[in-house]
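Structural overview for review
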Amino acid sequence: MTRQTRFTISTRARAMTDVTAEVAALVAHSGVGSGIANIFVRHTSCALLITENADPDVRRDLETLARRWAPDGDPAYRHALEGDDDMAAHARSVLTAVSLTVPIANDRLLLGTWQGIYLWEHRNQGHEREIVVTIIPC
């Protein structure tokens, strides 16, 4: 049977928050030995990603790249209802992803040794973010 759970996390400004343990615990307690986990964030100014979990410099460098892809306060932007980072955060979200799919085997996520699941906050202030995890057996 498909299982679906939601949880909320508090983010820090323009930072990545590791949510691997929360998702892994949901998978372990789901009773689904084999299948897929879909992880979805219900917001338009943050993202989910799977990236290096050992060296924090990787995550810092990704933030550096994102500042180049979508700079704050670009005068070409029309949408700035919530500040200079508003449109940049939306663009970053589109360029990254709001959902991920990870295979499950033996009640565990099949992530690689150096992979972690992160919520990437694209705004200059932290927010409460809701994540939906849907676990589908096969």
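To be clear, the structure that these remarks concern was listed above.
Attention in this report is confined to the structure presented alongside it. The structure displayed is predicted, hence computed values, not measured ones. (Residues numbered from 1 in each chain as written. Predicted model: local features only at pLDDT ≥ 70, side-chain atom pairs only at ≥ 80, totals over all residues. Heavy atoms only, no water.)

Buried residues of helix 1 (residues 20-28): T20, V23 and V27, and no others. Seen along its axis, helix 1 keeps its buried residues to an arc of 75 degrees; they face one direction. (Buried < 20%, exposed > 50% of the residue type's maximum accessible area, 1.4 Å probe, protein only. Helix = DSSP H or I, 4+ residues; strand = E, 2+ residues; numbered from the N terminus. Arc of directions from axis to C-beta.)

With that settled, the discussion passes to unusual backbone geometry. Positive phi values are uncommon outside glycine, yet R14 reaches one of about 40 degrees. Given the relative accessible area of 9%, R14 is considered buried. Of note in the backbone geometry, D107 takes a positive phi value of approximately 65 degrees without being a glycine. Tracing the chain through its elements places D107 in the loop between strand 5 (99-105) and strand 6 (108-109).

It is worth spelling out the sheet that holds strand 7 (residues 115-121) at this point. The strand order 2-7-4 describes an open sheet built from 3 strands, whose pairing is antiparallel. Each end of this open sheet is capped by a strand with a single partner; those strands are strand 2 (16-18) and strand 4 (46-52). Going from strand to strand, the sheet's axes swing by 35 degrees on average, the running direction of each strand aside. Summarising the sheet, strand 4 and strand 7 pair through 7 bridges and their orientation is antiparallel. By the bridge assignment, C46 is partnered in strand 7 with E121. (Pairing = 2+ DSSP bridges. Axes fitted to C-alpha atoms, helices over the stretch in contact; angles between N-to-C directions.)

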